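Okay, here's what each chain looks like letter by letter:
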Amino acid sequence: MRRRGVRVAKVVVVDDEPNIVLVLEMALRRAGLDVVPFTDPDAAMAWLDGDASQDVGVVLLDLFMPRAGGRRLALALAGDPRHEGVAVVLMTGAIRKEFDMLPAACYQALFAKPFDLREVVPAVKAFAQAWDARAAVAAT
Amino acid sequence: MDHSRDILRGILHDNPEAVAVADQYHRIVEANPTLCALLNRTEADLLGASLASVLDTQGAAIAGAFRDALEDGRGTCRLPALAADHDYLTVLALRLGDDRNGPPASHFLFVYVRPRSDTDPASDEWGGDSSRGPRVHPDRFRELVDGVCEFGIYLLDPAGRVMTWNRGAERILQYREDEVVGHPIDRFYTPQDRTADRPRRALVWAAAHGTFNDEGWRVRRDGSWFRADVTITALRGPGGRITGFAKIQRDVTEHRAAERALQREQLAEERQRTMWQVLQVAVHEIRNPMTAALGAVRLIRDDPDDAASLLGVVEEEVTRLNRLLERFVYAVGTRDAWQPATPGTVVDTDLAALVQASVRMFEAVGSETVRLLGERSAVRVRVDPDAIRQVLDNVLTNARKYAAPGTPIEVRVERAGDVARVTVRDQGCGVPRDQLEAVFEPGVRLTAHAGTQPPQGSGLGLYVSRKILETHGGRIWMDSEVGVGSAVRIELPVGASDRPGP
C-alpha cells in the first residue's frame, strides 16, 4: 500500500484454522499492520504469484497444513527471487520428524503453538518495519 | 574278514600315505610300501613288529593313547613319535570295525604315519607336500566331521541307511552310533512324515536335483520333537552312480522360537508406533484450538470493547477441545461401547436441521462450497444430537481434506422408508476399493495424492463416527471411485413418532 509515496510492508497470514487467522489478523491490525489473511495455502501461493504481492514483507504461516501446504509455501517463497526480502515466520503445533522441518535458511523465526500474541505480534512488527526501512532506502 | 582284508590290502598298497594296520595288541599286520620307504625298513621287517618299536615310543603310551581313542568314541588319537631320520611323526589311528561293545579282538587299527612336515603349521592346510597336490586328508576330514558338535553330519548308503555318525548327530538326535548304523533314517521323522513317505521322497529329490533342503520336525531318541534344518546331498561315484547321501542337520528349535518372539515384539512395537502417531497428531489438534482461544482471550484483555465476537471464538474453540477430548478418550479408553458424554441425552431430533446447522458452520469457517440437497423439512430421529453433530462435522471435515480445490461438496438428506440417510459427496481423488473399510479404523489416514503426507487429523474421526452410528442402530460406510470422488453414507433409523420434543 502506498501512502504518501512510502511503501509499507504487507503481512500475509496463512493457517488452515480460521479462528487462528481471525485472531492473528485482529492482533496484527491493532498493531497497525496491513494484513492479508488466508486459510488455504494454495490460495496464498497463487496470490503471492500475482502483482498485488509485490509489497509483501512478512509471511506468517502454519507449517503443517493439508497436502503439505505449509511446507510447499515456505519452499516456494525461499526459491522466489521476487520475494527475496520477505521474512518467513513459522508457527507449528508439532515438530514431527527432521525431514518435515524446513532448512533453517527458509525461515527467520519459529513460534510453537499455542503462542503468546505478546511475543508473536512484536516479532512480526519488527520484521515489517525492517522491510519498510529497506524499501525506504531502496527508494532513495 | 579275510575278504575285507584283501580289499584293504589292495587299497593300502597304492596309498601315497604311509599306512600300517595293527591288531589290538598293537602289532603291525600290514605295512604298505610308503610306510616301508618312510621308515626305511622292509615289509618283512615290519610285520609282527610292535608299533612301539617302530614308532620308537613308549609302548605304554601307545596303549594308553589308543585306548583313549577307542573309548571316547572318536576312534582317533595322535601320538608324537620318533623314527629313524625324522624328528617327529604323527600317528593317527582309526578304528576299523564297528562293534564297540565287542571284545577287543575284533578291532583293527588303521595307522597313518607321517613325517613331521605334514603337521607343520606353516605347511599347506590340508597337509601333504605339494608334489602330491592338495587333497583332503581323511584323518583331517574325520577330525573335522567328528569335532563339529553343532551339526549332525552323517553318511547314508544309497538305500538311505546310516553308514557313519558324528558327535553332532549324537548330540542332536541322542542316538549312539552303534544304535543307528545300518538303519534307515525313518525313525528320526515324525509319524505323520513317515506316513507321508517324506524320508524316501527327500532322498529321491536329492538324487534328482543334487541337494534337498528341508525344515521340519524330527524326533529324538527320547521321543521329544525338535525343529531341524536339513540338507541332503547326493554323492556320486565315477559314472554318476549314486554312492550314498551326505546329510547335514541342525537343531533350529530355539532359533525359530527366537524368531517368533522377535516377530511378536516387532508387531507390538508397530502397534505402539501407531498409537504414538495418533497421539502426536492429537497433540497437534489440541494445540490449534488452544492457540485460537488464548489469542482471543489476549485480544479481549487488551481491548474489552472487542469482547463480543471474540468470546464466540473462545467458546467455539473450547467446545472443540472438549469434543476432541471425548473422541480421544473414547478411542483410547472404552473401545467397545460408546458412552454419551452426559446420560439421558438421546432425544427426538430433526436430522435435517442438524445437517443444515453443520453445513452452515462448515461453510462459515472454510472456503468450500457446499450444496445442500434433499429434504429440508423435518426428518425425525431419536439420537444424541451432539454425537450426530460430531459425526457430521467429522465427515464434512474429511470431505474438505480430500476434495479437489474449487470443487463443491454435496450433502443430501433423504428419507427412505424407515431409514434416514445423509450422503456427503466430494469430487476428490477417491479411495481405492481395498481401503474403503480401512478408513474407518483408528489411526488410518489416507494420502490425498500419492507420495504426499496424509492431511492433518487424528485418524479417529471416522472410527468414532462409526462407533456412534452403531450405538444408534445406524451405519456409516463409504463408496468411492479413484479419480472421481467419494461418498460417505450415513443411515439412521427413523424415530417412532413425529412428535417434537424429548
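Since this is a predicted model, take the numbers as computed values, not measurements. (Residues numbered from 1 in each chain as written. Chains lettered and ligands numbered in written order. Predicted model: local features only at pLDDT ≥ 70, side-chain atom pairs only at ≥ 80, totals over all residues.)

When you look at the environment of B:Leu324 in this model, what are you seeing that I'm missing?
For B:Leu324, the location among the structural elements is in helix H12 (residues 307-332). If near-sequence neighbours (up to four positions away) are discounted, B:Leu324 is found in contact with B:Glu285 and B:Ile286. (Helix = DSSP H or I, 4+ residues; strand = E, 2+ residues; numbered from the N terminus. Contact = placed C-beta atoms within 7 Å.)

Where do I start with the pairing of strand S5 (residues 56-62) of chain A in this structure?
Across a regular strand the side chains alternate sides, sitting on one face of the sheet and then on the other. Residues and elements named next belong to chain A. When you tally the buried positions in S5, you get seven out of seven residues, the bulk of the element. Where strand S3 (residues 10-14) meets S5, five bridges bridge the pair, whose relative direction is parallel. Residue Val13 lies in a different strand from S5, and its bridge partner there is Leu60. Relative to strand S6 (residues 87-92), S5 runs parallel, the two sharing five bridges. Pairing of Leu60 across the sheet is with Val89, part of S6. (Buried ≥ 20, exposed ≤ 12 C-beta atoms within 10 Å, placed from the backbone. Pairing = 2+ DSSP bridges.)

How should I be thinking about the sheet that holds S6(A) in this particular structure?
Remark on secondary structure: sheet strands pair via backbone hydrogen bonds, oriented parallel or antiparallel. Residue and element names in this part refer to chain A. Sheet architecture is open: five strands sit in the order S4-S3-S5-S6-S7, paired in parallel fashion. Unpaired on one side and paired on the other, strand S4 (34-38) and strand S7 (109-112) mark the two borders of the sheet. When strand polarity is set aside, the average angle formed by the axes of neighbouring strands in this sheet is 20°. With four bridges joining them, S6 and S7 adopt parallel strand pairing. Note on S7: the bridge partner recorded for Met91 is Phe111. Sitting on the sheet, helix H1 (residues 18-30) touches S3, S4 and S5, and the angle it makes with S4 is about 175°. Sheet strands touched by helix H4 (residues 117-139): S3, S5, S6 and S7. Its angle to S5, the strand with the most contacts, is close to 150°. (Axes fitted to C-alpha atoms, helices over the stretch in contact; angles between N-to-C directions.)

Is there a simple way to think about the environment of B:Leu173 in this case?
All names here are of chain B. Among the secondary structure elements, Leu173 is positioned in helix H7 (residues 167-173). Residues Leu173 and Arg218 lie 45 residues apart in sequence; the distance between their C-alpha atoms is 8.5 Å. If near-sequence neighbours (up to four positions away) are discounted, Leu173 is found in contact with Gly152, Phe188, Arg220 and Arg221.

Looking at this structure, I do not really get the interface of chain A and chain B. What am I missing?
A common way to state how big an interface is: give the accessible area lost once the parts meet. Residue-level contacts link 24 residues of chain A with 26 residues of chain B. Put simply, the parts of the chain that give the side of chain A that touches chain B at least two residues each are H1 and H4 of chain A. For the side of chain A that touches chain B, the element with the highest residue contribution is H1(A), accounting for eight residues. When grouped by side-chain class, the residues that make up the side of chain A that touches chain B number 14 nonpolar, three polar and seven charged. (Nonpolar A, V, L, I, M, F, W, Y, C, P; charged D, E, K, R; others polar.)

I'm lost on the sheet that holds strand S6 (residues 151-156) of chain B in this one. Help?
All names here are of chain B. Taken in spatial order, the four strands of this open sheet run S6-S9-S8-S7, and their pairing is antiparallel. Both outer strands of the open sheet, S6 and strand S7 (211-219), are each paired with one neighbouring strand and no more. Across the sheet, the axes of successive neighbouring strands diverge by a mean angle of 25°, strand direction being ignored. As defined by bridge partners, S6 adjoins strand S9 (residues 242-251) across six bridges and the pair is classed as antiparallel. The partner of Leu155 across the bridge, within S9, is Ala246. Sheet strands in contact with helix H10 (residues 198-209) are S7, strand S8 (225-236) and S9, and its direction is about 165° off that of S7.

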